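# Structural description and commentary
Single-letter residue listing:
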Amino acid sequence: MSVPTGPEQLADEMENQIKSPDPRPGAPPEYNSHFVPGPPGPAVPPPAGHPGGLPVGYYSPHQPTTFPLYMQTGGSHPIQYQPGKYPAPQHSAPIVWMPMPTVMPNCPPGLEYLAQLDNIHVLQHFEPLEMITDFETNNTYDIKNNLGQMVYFVTEDTDDYTRNAYRTLRPFVLRVTDCMGREIMTMQRPFRCTCCCFCCPSTRQELEVQCPPGVTIGFVAEHWNLCRAVYSIQNEKKEDMMGVLGPCSTYGCGSDSVFEVISLDGVSSIGSITRKWNGVLSAMSDADHFEIHFPLDLDVTMKAMIFGACFLIDFMYFESSPPQRSSTHD
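Just so it is clear, the model here is predicted, and its values are computed rather than measured.

Right, let's get into the packing of aromatic side chains. Applying the stated criterion across every chain yields a total of eight aromatic pairs. For the ring pair Tyr113 and Tyr152, a centre distance of 5.6 Å and an interplane angle of 75° mean the geometry is edge-to-face. Highlighted residues: Tyr113 in helix 2 (residues 112-115) and Tyr152 in strand 3 (residues 150-156), separated in sequence by 39 residues. Of the two residues, Tyr113 and Tyr152, neither departs from the other in class, the shared state being buried. With a centroid separation of 5.0 Å and an interplanar angle of 85°, the aromatic rings of Tyr141 and Phe311 are classed as edge-to-face.

Dropping the structure here:
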C-alpha cells in the first residue's frame, strides 16, 4: 500500500473540503468560512435626482426636475414593510420646479424666470410653533407661477433675539434662491426708530434689493400718509420710478387687500400686490398668500422691485404685532 505524497495529500484534502456531504442533486455546497475580506470598493454616488442624506420632508433645491420627497433607496422592486414592524413611509406631494430658462442678455442672473411671467404667487409657510408659543421664527416663502411650479424659495436670515424683540419692526435679510440652490437676490431692511415723529424721514421704512447679492438694483421707500400705505419704487440711484398705493384699511376681515402699483403721475395702473384672504388661517396666523401682477414686457429689474415691495408690505402690515406688556401700579 502506497503512502500519498505531499502534493497528492494536499489535493485530497482540498477535494474533501469542497465536496458536499449531501449527495442529492441541487443541494447547496458548503463553503468554509476561512476567508480574508478584501479592501472596500469605491464609494458610489447617489443617482441623479436623489436627495441623498436629506431628512424626510425636505426637498432638495438643487434639482430642477420633479422628484418625490420620499424616494426608494435602490433596487427595481418596491420596498415592502411587514405590518406592525416597520413605520410606513411618508408620501408627500412632489416638488415641481419651473423649467430653467436660457440666459438672457442685459438680465441679472436668476431673473430670467421673472422675464417670462406676468404674475407670481408668494406663499408663506405656516408655523404652528408661533401660534402655540408666540415665539417668532424665521419666515419662509414659496414663490410659484400660475401652474403651481416653484420659481424661487425665500428664507429670512435674522437672529432669535432680533425677531422676538422687534417683531414687525425688526431689521431683516431675505435670501432668494433658485432651483439650483443659488442665492440670486438679497433683500435688506434696516432698522428704523419709530419713537420720534412718525412724519420724520428717518422713521420711514425702506427695503434695499440686490441682484445679484451685493449689487443694488433699487429701493422700496415708505412715504408718510395719514390714511393709507404709500410707497415709491426707486432705482439704484434712489430715483422714483413707480408708486404703490395701499387700501385705506389693510386689516379688512373677509376680503382681499389690494396694493396698486401705479405710474409716477398716478394716472396709469401698472400692476398690483394683493394679499389674499384665506379665511380662518388669515385671521389666526401670519401665513399669508400674496398674488403679484405686472406687465409681461415690464423691465425685469422693476419686476424684481415690485416683488421686493411685497415683503416690506407683509412685514409692516400682516406680521404678528409685538406682545402687549401689561403694566402694574402699586
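Now that the structure is up, let's keep going.
So, about unusual backbone geometry. Peptide bonds are trans in most cases, and residues, glycine excluded, mostly fall at negative phi. Following Cys211, the chain continues to Pro212 via a peptide bond in cis, the omega torsion being -5°. Inspection of the secondary structure puts Pro212 in the loop between strand 6 (206-210) and strand 7 (216-223). One non-glycine residue with positive phi stands out, namely Asn106, at about 60°. Inspection of the secondary structure puts Asn106 in the loop between helix 1 (6-18) and helix 2. Overall, the relative accessible area of 81% leaves Asn106 in the exposed class. Phi at Lys238 takes a positive value of approximately 60°, unusual for a residue other than glycine.

Turning to its location among the elements, Gln149 is positioned in the loop between strand 2 (140-144) and strand 3. Overall, the relative accessible area of 17% leaves Gln149 in the buried class.

As a further point, take the sheet that holds strand 3. Spatially, 1-2-3-4-5-6-7-8-9-10-11-12 is the arrangement adopted by the twelve strands of the closed barrel, whose pairing is antiparallel. Across the sheet, the axes of successive neighbouring strands diverge by a mean angle of 20°, strand direction being ignored. Pairing geometry for strand 1 (residues 119-124) and strand 12 (residues 289-293), over five bridges, is antiparallel. The residue bridging Asn119 from the neighbouring strand is His293, located in strand 12.

Moving on to the confidence of the model for the chain. When pLDDT is averaged along the chain, the result is 75; 61% of the residues meet or exceed 70. Low pLDDT, under 50, characterises residues 49-89; the stretch is placed with 52 contacts to residues that sit more than four places away or in other chains. Under a pLDDT of 50 for its full length, residues 322-330 has, in the predicted model, four contacts with residues more than four places off or in other chains.

Below, the discussion takes up the environment of Tyr152. You can call Tyr152 buried: its relative accessible area is 0%. Each C-alpha atom, one on Tyr152 and one on Glu183, is 9.6 Å from the other, the two residues being 31 residues apart in sequence. Residues in contact with Tyr152, not counting those within four places in the same chain, are Trp97, Gly110, Leu111, Tyr113, Leu114, Tyr141, Asp142, Ile143, Val176, Thr177, Asp178 and Ile184. One polar contact links the side chain of Tyr152 to the main-chain carbonyl oxygen of Gly110, over a distance of 2.5 Å.

Parameters at a glance
- Residues numbered from 1 in each chain as written.
- Predicted model: local features only at pLDDT ≥ 70, side-chain atom pairs only at ≥ 80, totals over all residues.
- Heavy atoms only, no water.
- Phe/Tyr/Trp six-rings, centres within 6.5 Å; stacked < 30°, edge-to-face > 60°.
- Helix = DSSP H or I, 4+ residues; strand = E, 2+ residues; numbered from the N terminus.
- Buried < 20%, exposed > 50% of the residue type's maximum accessible area, 1.4 Å probe, protein only.
- Pairing = 2+ DSSP bridges.
- Axes fitted to C-alpha atoms, helices over the stretch in contact; angles between N-to-C directions.
- pLDDT = per-residue confidence, 0-100.
- Contact = heavy atoms within 4.5 Å.
- Polar contact = N/O pair within 3.5 Å; in protein donor to acceptor, adjacent residues only side chain to side chain.

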